[in-house]
Amino acid sequence: MTWLCFLLAATLLSTAHAADAVDAATPRSAIQPLWELGLGVGGLRLPHYRGSDQSHTLLLPVPYAIYRGKIFRATREGARAVLLNSERVDIDLSVAASAPTSSGDNRARAGMPDLAPTVAFGPNLNLTLARGTTWKFDLRLPVHAVFTLQRHAQTLGWTASPVLNLDLVWQGWDVGMQAGPMWASRQYHAYFYDVAPAYASATRAAYSAPAGNAGWRWTAGASRRYGQFWVGGFVRGDSVGGAAFESSPLVKQRSAFSVGLAMSWIFAVSDERVAIDD
């Protein structure tokens, strides 16, 4: 199991509530531990790539790592560097990752090069549209640069995935829901959906994917803390219907679901407390 799959588990299972609903829904300046550490296990089922009709099923270690610094923060919505934080607007830098896919395991890509793992990072502009004592509704505008993780790293251009996001606390559960469209560069689409003439066959025509619309995605999830234990789960719907690359012979189905469940034991909490001002 590669370290990237470990990172993928942390990234995807963090969407168990699509955002850090605990911090978002607590009163401003709430006092919380500076850091918390834990470790657990999680299960994931997700497509090999968007548009694939085959899926990965993974059982992976899941880290629980929370750090609530003034600039750098690692919460359940991911690791980020906060550049600007105000009542209605904040800007941060975030990181995401994807798992590798062996073409030997994927019928549509048989005989083609494997898909290497990728890492993406870039700025997010987050606009709070409304909030209450136990909920927050915002618009998130992330733009990421994407690279492959391999000996000779490849630049894959950019992705943009604006979402409307709702965080709330309901009967002790931290709940998150978000949905929005996706766009990406020609290089990004080409990596997943191009078929070079050398790999064309009677059942797989040569294809060149354009930039533009990449479909849409929605995510819903929930999590809860029980003493020293944290549990969470999520479901994600993904559609490439109407995407610029929809006619690629590597697109075998227009919509798919991903699901994940995780549990972590929190074994260490800092004595130092900080005021959270989200």
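Please read these numbers as outputs of a predicted model, since none were measured by experiment.

(A) Region of the structure containing the environment of Gln 154. With respect to the element layout, Gln 154 can be found in the loop between β8 (135-148) and β9 (155-160). Sequence separation between Gln 154 and Thr 118 is 36 residues, and the spatial gap between their C-alpha atoms is 9.2 Å.

(B) Highlighting the pattern of salt bridges. For the structure shown, the criterion picks out 8 salt bridges. Here Arg 140 makes a salt bridge to Asp 138, at a shortest N to O gap of 3.3 Å. Since its relative accessible area comes to 14%, Arg 140 is described here as buried. One salt bridge connects Arg 186 with Asp 194, and the closest N-O pair in it is separated by 2.8 Å. Judged by relative accessible area, which is 17%, Asp 194 ranks as buried. Salt bridges here are not isolated pairs; linked through shared partners, they connect Arg 50, Arg 217 and Asp 238.

(C) Fine view of the nonpolar core. Ranked by internal contacts, the top residues of the largest apolar core, which has 21 residues, are Tyr 49, Tyr 191, Phe 192, Tyr 193, Phe 245 and Leu 250. It is helix α3 (residues 186-193) that provides the largest number of residues to this core, a total of 3 residues. Filtering out sequence-adjacent residues up to four positions away, Phe 192 remains in contact with Tyr 49, Arg 109, Leu 115 and Leu 250. By size, the runner-up hydrophobic cluster in this structure holds 6 residues, among which are Val 62, Trp 230, Ala 262 and Ile 266.

Procedures and definitions
Residues numbered from 1 in each chain as written. Predicted model: local features only at pLDDT ≥ 70, side-chain atom pairs only at ≥ 80, totals over all residues. Heavy atoms only, no water. Helix = DSSP H or I, 4+ residues; strand = E, 2+ residues; numbered from the N terminus. Salt bridge = Lys/Arg side-chain N within 4 Å of Asp/Glu carboxyl O. Buried < 20%, exposed > 50% of the residue type's maximum accessible area, 1.4 Å probe, protein only. Core = buried A, V, L, I, M, F, W, Y, C linked by side-chain atoms within 4.5 Å. Contact = heavy atoms within 4.5 Å.

Everything listed here is a matter of geometry and, on its own, says nothing about what the molecule does.
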